[in-house]
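One letter stands for each residue in the lines below.
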Number of protein chains: 2
Amino acid sequence: MVTVHDVARSAGVSISTVSRALAAPEKVASATRERVRRAAAELGYRPNRAAAVLRAGRSGAYGLVVPDLANPYFAAVAKGAQERAREHGAGLFIVDTDEDPDLEAEAIRALAPQTDGVVLCSPRAADRALGALDGRPVVLVNHDVAGVPAVEADHRGGMQRALEHLRALGHHRVAYVGGPERSWSDRRRRAGLVEASARYDDVEVVELGAFRPRVEGGQAAADLVVASGATAVVTFNDLVAVGLVDRLRARGLDVPHDLSVVGCDDSYVASLVTPPLTTLRVDLRRLGRHAVDRLVASASGGRSTGAETPVPDAPPLDVELVVRSSTAPPVRHSSGGTL
Amino acid sequence: MVTVHDVARSAGVSISTVSRALAAPEKVASATRERVRRAAAELGYRPNRAAAVLRAGRSGAYGLVVPDLANPYFAAVAKGAQERAREHGAGLFIVDTDEDPDLEAEAIRALAPQTDGVVLCSPRAADRALGALDGRPVVLVNHDVAGVPAVEADHRGGMQRALEHLRALGHHRVAYVGGPERSWSDRRRRAGLVEASARYDDVEVVELGAFRPRVEGGQAAADLVVASGATAVVTFNDLVAVGLVDRLRARGLDVPHDLSVVGCDDSYVASLVTPPLTTLRVDLRRLGRHAVDRLVASASGGRSTGAETPVPDAPPLDVELVVRSSTAPPVRHSSGGTL
DNA sequence: TTGAAAGCGCTAACAA
DNA sequence: TTGTTAGCGCTTTCAA
């Protein structure tokens, strides 16, 4: 293994000059710097991270905790986060908790001491999670706790747009098919939709219970939606919408004519399925990138003794309505006709 | 921060006893061990990983390099790998290289020194990748280099099954829509299909060039498939199959009647799209788990005192044909008849 | 069975 | 601008 000593010897300088030349180039004469760099490159020197961490107290790596990597939503966020971490020259530990609050707390406890900070994406048990972190830099994605930096999408605005779209098509009774019970995103989306509907006295929202945020959840919800008498439905995410459409079709119902469906997230499945889903688009990759940026900011800002993290709160990311083929004007069933 | 010294003081022993009691309990009298453990728990002691790594030379973490986390294939592998790493009490660094060979080599160079070993999933530049590892434990997934442990699926068997299925339906001209040029999986699948067809003199395989392993790749391939005169097609993966179906439909062709389509991987999109895809199923999660198991075995094999795990070469994972609705007997267009 | 002591490779305070 | 030096917290001989 090549160490600073080898590089120092080869470049004819001391080990501290090597360290400086590599970590704080401006503190070294340019000629020396070049000599050191060349020697390092020649010998194939790679700094030992463990030693640097031990000595300097920061690890150059961050953590990302997500409920389920197989969910395209979180995969996209993870991709953005990891990309940005790389650009910051840092590593990223990604941990998938399988939607399990116990695993989540456990993951954080394991991650916290060996990283410079953690991004918690859609935490399933935020209080416990934050406890496990004891004071380490953290950024919340899709969650909200007083005093903790967070990054989120503008769900309220999105739902507003979705509802206006449906209303303009002539829908007056809209169902909402919710996600996991503990989910903060679910509460936000639900509240956003209800709030939007409150502005009009000709639109009513029917809220339906907690469903798994996957295809199965949508399948399970479909019959309730039909029974609710709604002519349009907004789902917690695209996967749920896909399951919903699937089950409706199995019952002989047509989307969008018998029921209009709006998904959420515009994950890539939305455009693959039949019919392609009208959905709310969030730039997930960007969400991941932002989260890491904020973490880096608060991890390097909050380093000083005494003063707390200043890091301004970022504005929510825009949520855009993407209209595809799963929404249309309702068909009037005047008296049980087959049309 | 609580250190071994604090625990030692509190338990009335030396720091070496603390270290031993925690890391090698059998080398410490049970009474002492208990005392140390209690003290550690009381003080909330968490070993400093960096220090342990620096001193002991192993990190308790592994690396996983994948080309694209947003691809459900790799997401599934990553999930399995991370699950298994957790069960081994180790961490897992997941790095997404965006299908870029340079980033791949770079990722490995960064990962290698700070992990106990790396899983390379579908490497895009294996030779460079292995070079960057210089001798560290590694396991290849979907790749093959002499002398390097690997985990793979039985693509040959899978292709055999796919071809038999198509032949039984009455197809005699089958196209193969390939994945990335550098892809080992692509070569395997291609060769498996060609090999299978060689057993029958009434089936012919038409090989089509390299396409991106995504929806766009399938869209790009569709017109070539039609022009090839094949009545059935096997694609590099499900995503490509989805793109293919999409483009065929846009041209007014029907799947499966005008063309039968077989996907690969049975990623969850396969059952979501219309028509649901006939595809080759690989248990990806298991693939990820196996890879980590092999890595752990070979990483600790070199170090262990006695003869514990001899790391046998794992047999390829079964590949199963899942028949859904995208395959059917070919329709005879004898002279433009509509049947 | 336990303790003393020697570093692992690096950074950063201090000196020159 | 550069060098000297003292550890960071831990594991692991070696002795007792």
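Placed above this text is the structure.
So, how was this worked out
- Residues numbered from 1 in each chain as written.
- Chains lettered and ligands numbered in written order.
- Predicted model: local features only at pLDDT ≥ 70, side-chain atom pairs only at ≥ 80, totals over all residues.
- Heavy atoms only, no water.
- Near = heavy atom within 4 Å.
- Polar contact = N/O pair within 3.5 Å; in protein donor to acceptor, adjacent residues only side chain to side chain.
- Helix = DSSP H or I, 4+ residues; strand = E, 2+ residues; numbered from the N terminus.
- Nonpolar A, V, L, I, M, F, W, Y, C, P; charged D, E, K, R; others polar.
- Buried < 20%, exposed > 50% of the residue type's maximum accessible area, 1.4 Å probe, protein only.
- Pairing = 2+ DSSP bridges.

Visitor: Teacher, can you tell me more about the protein's contact with DNA strand D here?
Guide: What surrounds DNA strand D is a group of 26 residues, the closest being S16, T17, T32 and R55 of chain A together with Y45 of chain B. The sugar-phosphate portion of DNA strand D accounts for 53% of its atoms within 4 Å of the protein, the bases making up the rest. Contact between DNA strand D and S14 of chain A: a phosphate oxygen at 2.8 Å from a main-chain N or O atom of the residue. Counting residues per element, the ones that place at least two in the surface near DNA strand D are helix 2 (15–23) and helix 4 (49–56) of chain A together with helix 2 (15–23) and helix 4 (49–56) of chain B. Its residues placed into classes, the surface near DNA strand D shows twelve nonpolar, eight polar and six charged.

Visitor: Help me understand the pairing of strand 3 (residues 118–121) of chain B, please; the structure alone is not making it clear to me.
Guide: Regular strands show a simple pattern: their side chains alternate between the two faces of the sheet. Residues and elements named next belong to chain B. Burial of strand 3 is two-sided: the residues V118 and L120 facing one way and the residues V119 and C121 facing the other way are all buried. Of the strand pairs in this sheet, strand 1 (residues 61–66) and strand 3 are connected by three bridges, and their pairing is parallel. In the strand pairing of strand 3, V65 is matched with L120.

Visitor: Which parts of the structure should I look at to understand the protein's contact with DNA strand C?
Guide: Around DNA strand C sit 25 residues, and of these Y45 and R55 of chain A together with T17, T32 and R55 of chain B come closest. Among the atoms of DNA strand C close to the protein, meaning within 4 Å, 58% are from sugar or phosphate groups. Between Y45 of chain A and DNA strand C, the recorded distance is 2.5 Å, taken from a side-chain N or O atom to a phosphate oxygen. A29 of chain B places a main-chain nitrogen or oxygen 3.0 Å from a phosphate oxygen of DNA strand C. If you list the elements that add at least two residues to the surface near DNA strand C, you get helix 2 and helix 4 of chain A together with helix 2 and helix 4 of chain B. Take the surface near DNA strand C: its biggest share by element is four residues, from helix 2 of chain A. Residue composition of the surface near DNA strand C, grouped by class: eleven nonpolar, eight polar and six charged.

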